[in-house]
Amino acid sequence: MPCPSRSDELVFFVNGRKVIERNADPEVTLLSFLRKNLRLTGTKYACGRGGCGACTVMVSKRDPTSQEIRHFSVTACLVPICSLYGAAVTTVEGVGSMKTRLHPVQERIAKSHGTQCGFCTPGMVMSMYTLLRNHPQPSEEQLLEALGGNLCRCTGYRPILASGKTFCLESNGCQQKGTGKCCLDLGENDSSSLGRKSDICTELFVKEEFQPLDPTQELIFPPELLRMTENPEKRTLTFHGERVTWISPGTFKDLLELKAKHPEAPLILGNTSLGPAMRSKGCLYPILLSPARISELNVVSKTNDGLTIGAGCSLAQVKDILAERVSELPEEKTQTYRALLKHLKSLASQQIRNMASLGGHIISRHSYSDLNPILAVGNATLNLTSEEGTRRIPLSEHFLAGLASADLKPEEILESVYIPHSQKWEFVSAFRQAQCQQNALPDVNAGMRVLFKEGTDIIEDLSITYGGVGAATVSAHKSCQQLLGRQWDELMLDEACRRLLDEVSLPGWAPGGRVEFKRTLVVSFFFKFYLQVLQELKKLIKPFPVPSVDSHQPLQDPVGRPVMHLSGLKHATGEAEFCDDIPMVDKELCMALVTSTRAYAKIISVDLSEALEIPGVVDVITAKDIPGINGTKDDKLLAVDEVLCVGQIICAVVAETDVQAKRAIEKIKITYEELEPIIFTIEDAIKHNSFLCPEKKLEQGNIEEAFEKVDQIVEGEVHVGGQEHFYMETQRVLVIPKTEDKELDIYVSTQDPAHVQKTVSSTLNIPINRITCHVKRVGGGFGGKIGRPAVFGAIAAVGALKTGHPIRLVLDREDDMLITGGRHPLFGKYKVGFMNNGRIKALDIECFINGGCTLDDSELVTEFLILKLENAYKIRNLRFRGRACLTNLPSNTAFRGFGFPQGTLVTESCITAVAAKCGLPPEKIREKNMYRTVDKTIYKQAFNPESLIRCWNECLDVSSFHNRRKQAEEFNKKNYWKKRGVAVIPMKFSVGFAATSYHQAAALVHIYTDGSVLVTHGGNELGQGIHTKMLQVASRELKIPMSHLHICETSTAMVPNTIATAASVGADINGKAVQNACQILLKRLEPIIKKNPEGTWEEWIEAAFEQRISLSATGYFRGYKAFMDWEKGEGDPFPYYVYGAACSEVEIDCLTGAHKKIRTDIVMDACCSLNPAIDIGQIEGAFIQGMGLYTTEELKYSPEGVLYSRGPDEYKIPTISDVPEEFNVSLLPSSQTPLTIYSSKGLGESGMFLGSSVFFAITDAVAAARKERDIAEDFTVKSPATPEWVRMACADRFTEMIPRDDPKTFKPWSITVA
Ligand SMILES: Cc1cc2nc3c(=O)[nH]c(=O)nc-3n(C[C@H](O)[C@H](O)[C@H](O)COP(=O)(O)OP(=O)(O)OC[C@H]3O[C@@H](n4cnc5c(N)ncnc54)[C@H](O)[C@@H]3O)c2cc1C
Ligand code: FES
Ligand code: FES
């Protein structure tokens, strides 16, 4: 069969329009094609690995077998365009737009306040839209499943779910608790209502306003494609790219012929295995064979003894097929199918399951494969075909280990998989433990099957297979054989566990780490299986539950109302433009960064020659090209002679395309000479006296004397891991040099454009006034876009200056995570003296944070940490000390909460320890030691804790805390392997910067002659809704509707010398500046209004213009005078405090360490919220981010200091299924804060720490388990409380059974840096 050298035409449809691509390159993904070729930028790039859902689009295809049109969601970053022949793609732009018609999904997500920064929103819209195309009235379970693969770092998911639930069957509002009522509508009597007792917030959206869903209005499947599929093209299609050729045969015979001709060519189905391998491991396959048009691979056949499924069926189809079979057959025959179904629900995301094929999954033989262990124990067989004929091989341990004798021959393909029915007296189960419930690769999984001699409990056959414990799926064949003939009893269990541990051994240095945890899971899973089977045998299966404003306020005045985020609808339609959505500019070049692979080394040489030879490469920018200043002495923009961490930027390649630039960086050869000492951990930094700045210390009372008079003293340690910002939009910048006067326009995703401007100015040695930084919106910042964007802006600017071309720099997720640093890991030691009644008399805390290799914000973080350590407690004798360690890790930086979330975990852990020693519940110790009356903090700032007490009491009340504590205790008495924990945590969070110069802001307000108003201010829109709030302020001040007002962008040319949008005060200070500008303008208009009081706004403006009255004003706010004297330990560093309390309840599984969040109640003192919808969104979003910090987000470093966790697959931020089953937020009725705009409060950061209530609920449950097991000694508090930590802390006979390695005998896979 000929293979033409000319490419065929690739035909597919996008949003109803035909696309004909004559030179389709197999290496081009749909995401890149949409964004670059079609300029459809609504589909976003955030990870490029199929792990975040930001690039979700819908693909529609006609099924070759059933002839039905299938609509399914996919992640466009993993879809090669060549796979789309004959498909119709729908992107967010095709769903609806502001210009034509909004789709109900778009309208509802925006109006339900489901968007903040909006970067995840198009992906969310597309997942929901696809669901509705298939199920116009979905169930809540289907909704959760559809959204499980879409990450959002801002909202905390609750409002997104609420919008989706409006489509669900019997939906009425958000149905927060399945009551059929919106939680926001529940009245005074419902103690868990979001808006309970609050005058501000009774309803955050009006569902009656929503357009109904009308499925007849959707885009139809293009008739031309229908015709194409009716008479399918049988010809082989070939697409030649620069390096890869894609061959798509039209018949099975041709496929076999091609496979015989190109045995080394892989078959490409979902590309979810090949794609990531080609991207991250640099694998290149010159020929790819696509069997997408071969219907034989999709055949499903049912027989009396089993089921044969075509290897080309997607995992989503396999799920449907199995579910159908389970509903048709008796339970005893479907044990294997049920086990497969269980894992198919949690395997990857809906999008990946839609793309990945059964064949691709099996043949990839990933060691973590969730299905192979079950298929293996279920005795599945593989039907192979080649030109030579067909044959069957078992999906055995030998096949899984890749033994040539048990494997496919190179010319063979997998046609289908046969899975036999199970039989009576046979039980099959599947187990899996991952960092999160959904969308996370498993740490360990297992398939287990046992067959009993009929009517007995004697084992006739046993198969156990594990994934995640070796390079391939591992079978415990020997152990199983040795257990044949045994009775299913405790003795067998004990022997089985010992044998399994012996056979499934894992070395201490095993890749992926968590070795002892994994060993424990090997036996814990078997124990679970043992119990399940025992119950089955007794027929006693108990499934594990799956998881207002003042009435006098004028109607026109929007302040205090839940006004939708200004960009909400644009987020939902994909029309909101982010930095990298700016169309390509004339002569634009792309930049890619070259980073150090050594942690501390001298640079001996840098050889650029090979890189410069790559076609399209224009230049390589090094430190020598910097005309001005290369950063600071200790923090260079581009490394010069030495590198201080893996990930430090050494140089940057400039090329015509990003692909060329990335290829070139691989060709740059750098030689190093290692330097010493290399320090990664806090422990090593202390040992080497390696610190970034002097110790910060605060002291009050006489601590030594107090320790002598107390009843008891406890000492302890707390380790808190770092955190990655994981903003959905990675760092990006576009620098456009102008032809005159060295002017530069910089479009950058930053929280601090003035800092970018200043850094570029000093780097290029040109005055600040030639540089304009523009920030339209930022796709999430969380502190990570305060300092770092200036580095990227400056390097790109050097490239722009040198080449004379505009430069675009978009960081890949991997690079972003490697280079930018994050939250400081912390190690804390405490010594606490207290009376037997729980009154704390003396507290001494010393904290060390891991600052990384440069100072950055580490000194400030240390100061804030120390200032905030006391949290809500009045303790007379205190000593707080803090130091920032200098290590060879990327520099850590600002992160929401700025030290408070880490430090205060030490304080609260100390309280828990006191409670344990006094034999009292922790909440009693908290209450006993809390501030009660007007008082002074440790740094002698006076404050009134009234709102703190109110939040605490209200939280105890709304959460029915005491009742639930009793219920949890009852539950714990009855359950040995599951434990519940509850915790309530108070919070006093100081807002603002501890520096006076940061408490200022400016705004510029222009009124145009048609009456429309343009507002600009110094704050940046990061998703926190600052622009919406600013227009609410301007609307109230000018007394005009918000529709007259507009904010275009934040620009250093409009408002100079701005302050970073951070420290929760963005709306406070900029709001005052906007208010000032509006008041100036209104004052100027006053005589005109007085003269014509019945006139309209437009008439007054016209008259003002006629009378030569300036219609433009600068507003300015000279804010709080912050002051702190560290010598004396006194000051007034913060303008005010935000108070709150949170109560959480969890249930842990002691055998696996998994937990589920049963309920969370938050009460927050928001004073007079400017916009309750936005503020609640901030609280919820921060809480969920905090929950991630304390429970799942774990950074892993190699012993050489290389960050392993560089994407959503290795680093787990919370997903939609991690939101507590019941989640209630209420705002305290108004209190007053004279210092802020309309007595509102900045709520951006504080909610983060409340996520620790989940952490303390987990430790409460762990403590209950340990008490029951009579484990007397205290456990070391370690955050995050991952399943690994929980499992190992719930020590039992299984954890005791596992072998332990002497740490000195091996090099561990990863190190702990906190
Ligand atoms: C974000 C993400 C999350 C994931 N999470 C999980 C998870 O939680 N659990 C889990 O188990 N897996 C997970 N996976 C892995 C996923 O299950 C596999 O990548 C997928 O099943 C591979 O199928 P595919 O069709 O995409 O294979 P492809 O990438 O298209 O092909 C993979 C390999 O299979 C070969 N092949 C395919 N079909 C045939 C055939 N018929 N005959 C012969 N050879 C064939 C190809 O030659 C190729 O070498 C995840 C993947 C991603 C991207
Ligand atoms: S960018 Fe495609 S899934 Fe993240
Ligand atoms: S709104 Fe979801 S990531 Fe920002």
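Only a predicted model underlies this, so the values are computations on that prediction, with no experimental measurement involved. Every chain is numbered independently, its residues counted from 1 as its sequence is written. Note on labels: chains are lettered from A, ligands numbered from 1, in written order. Local features in this predicted model are restricted to residues whose pLDDT is 70 or higher, and side-chain atom pairs enter the listing and the counts only when it is 80 or higher, whereas totals over whole chains, interfaces and linings include all residues. Calculation of side-chain values draws on the structure's entire complement of heavy atoms; hydrogens and water are dropped beforehand.

Please explain the overall build of the chain as it appears in this structure.
The helix and strand inventory of the chain stands at 39 helices and 46 strands. Relative to a compact globule of 1314 residues, whose C-alpha radius of gyration would be 34 Å, the chain shows 31 Å and is just as compact. Along the first, second and third principal axes, the C-alpha set of the chain runs to 95 × 80 × 70 Å. Among the 1314 residues that make up the chain, the fraction classed as buried is 64%. Exposure was quantified through the Shrake-Rupley algorithm and a 1.4 Å probe, taking into account, for residues, occlusion by the shown protein chains and nothing else. Of the roughly 47500 Å² that the chain leaves accessible, carbon and sulfur atoms contribute 51%. Looking at the chain, you have 147 positive and 159 negative side-chain charges, and the mean spots of the two groups are 2 Å apart. The secondary structure listing takes helices from DSSP runs of H or I that are at least 4 residues long and strands from runs of E that are at least 2 residues long, numbered from the N terminus. Put simply, the radius of gyration uses C-alpha atoms, and a globule should come to 2.2 Å times the residue count raised to 0.38. Relative accessible area decides the class of each residue, using a 1.4 Å probe on protein chains only: under 20% of the type maximum gives buried, over 50% gives exposed, and in between gives partly exposed. Charged residues are defined here as Lys and Arg on the positive side and Asp and Glu on the negative side; His and the ends of the chain fall outside this count. By convention, the charge on Lys lies at NZ, on Arg at CZ, on Asp at CG and on Glu at CD.

Mind showing me how you'd approach the packing of aromatic side chains here?
In this description, a pair of aromatic rings is defined by centroid distance and the angle of the planes. Pairing of aromatic side chains requires ring centres within 6.5 Å, counting the rings of Phe and Tyr and the six-membered ring of Trp. Pairs whose planes differ by under 30 degrees are stacked, by over 60 edge-to-face, and all others tilted. The full count for this structure, using the stated rule, is 32 aromatic pairs. Through a chain of ring-to-ring contacts, the aromatic side chains of Phe427, Phe431, Phe452, Trp488, Phe525, Phe526, Phe527, Phe529, Tyr530, Tyr976, Trp977 and Phe1294 assemble into a single cluster. In this structure, arginine 926 packs its charged tip against the face of phenylalanine 1256, placed 5.5 Å from the ring centre. By the criterion adopted, a ring carries a charge over it if an Arg CZ or a Lys NZ lies within 6 Å of its centre and within 35 degrees of its normal. Stacked on the ring of tyrosine 1238, the Lys or Arg arginine 1036 has its end atom at 4.5 Å from the ring centre.

Looking at this structure, how should I read helix H34 (residues 1097-1106)?
Along an α-helix, residues three or four positions apart point the same way, because every turn accommodates 3.6 residues. What H34 keeps buried is the set Trp1097, Trp1100, Ile1101 and Ala1104. Each buried residue of H34 sits inside an arc of 95° when the element is viewed along its axis, so together they form one side. Against strand E36 (1000-1007), strand E37 (1013-1017), helix H32 (1026-1038) and helix H33 (1066-1091) lie the buried residues of H34. After H34 finishes, the residue arginine 1108 shows a positive phi value of roughly 60°. Think of the arc as the fan of directions from the helix axis to the C-beta atoms. Contact criterion: two residues are considered in contact whenever any of their non-hydrogen atoms come within 4.5 Å of each other.

Can you help me understand unusual backbone geometry in this one?
Peptide bonds are trans in most cases, and residues, glycine excluded, mostly fall at negative phi. Residue glutamate 676 is joined to proline 677 through a cis peptide bond whose omega torsion reads -5°. If you trace the backbone, proline 677 turns up in the loop between strand E23 (669-674) and helix H22 (682-687). That bond from serine 1279 to proline 1280 is cis: its omega, 5°, falls within 30 degrees of zero. Relative to the helices and strands, proline 1280 is located in the loop between strand E46 (1277-1279) and helix H38 (1283-1289). Residue arginine 365 is not a glycine yet carries a positive backbone phi of 50°. Positionally, arginine 365 belongs in the loop between helix H13 (358-364) and helix H14 (372-377). Its identity is not glycine, yet phenylalanine 726 carries a phi of approximately 50°, on the positive side. Among the secondary structure elements, phenylalanine 726 is positioned in the loop between strand E25 (712-720) and strand E26 (732-737).

Is there a simple way to explain the sheet that holds strand E28 (residues 771-775) in this structure?
Whenever strands of a sheet pair, they do so through backbone hydrogen bonds, lying parallel or antiparallel. Here the rule is simple: two strands pair whenever DSSP picks up at least two bridges between them. Across the sheet, which stays open at both edges, the eight strands sit in the order E20-E22-E18-E29-E26-E27-E28-E39 with mixed pairing between neighbours. Lying at the two open borders of the sheet, with one neighbouring strand each, are strand E20 (617-621) and strand E39 (1050-1051). In the sheet, E26 pairs with strand E29 (residues 807-810) via four bridges, with the strands oriented antiparallel. Each bridged residue has a counterpart across the sheet, and for arginine 732 the counterpart in E29 is valine 810.

So what exactly am I meant to see when it comes to the confidence of the model for the chain here?
The predicted coordinates should not be examined in detail at positions where pLDDT is low. Values of pLDDT, the confidence the predictor places in each residue, fall between 0 and 100. On average, the chain scores 93 in pLDDT, and the residues at 70 or more come to 96%. Low pLDDT, under 50, characterises residues 171-202; the predicted model gives this stretch 89 contacts beyond four residues in sequence or across chains. Confidence over residues 540-547 falls short of pLDDT 50; this stretch has ten contacts with residues more than four positions distant or in other chains.

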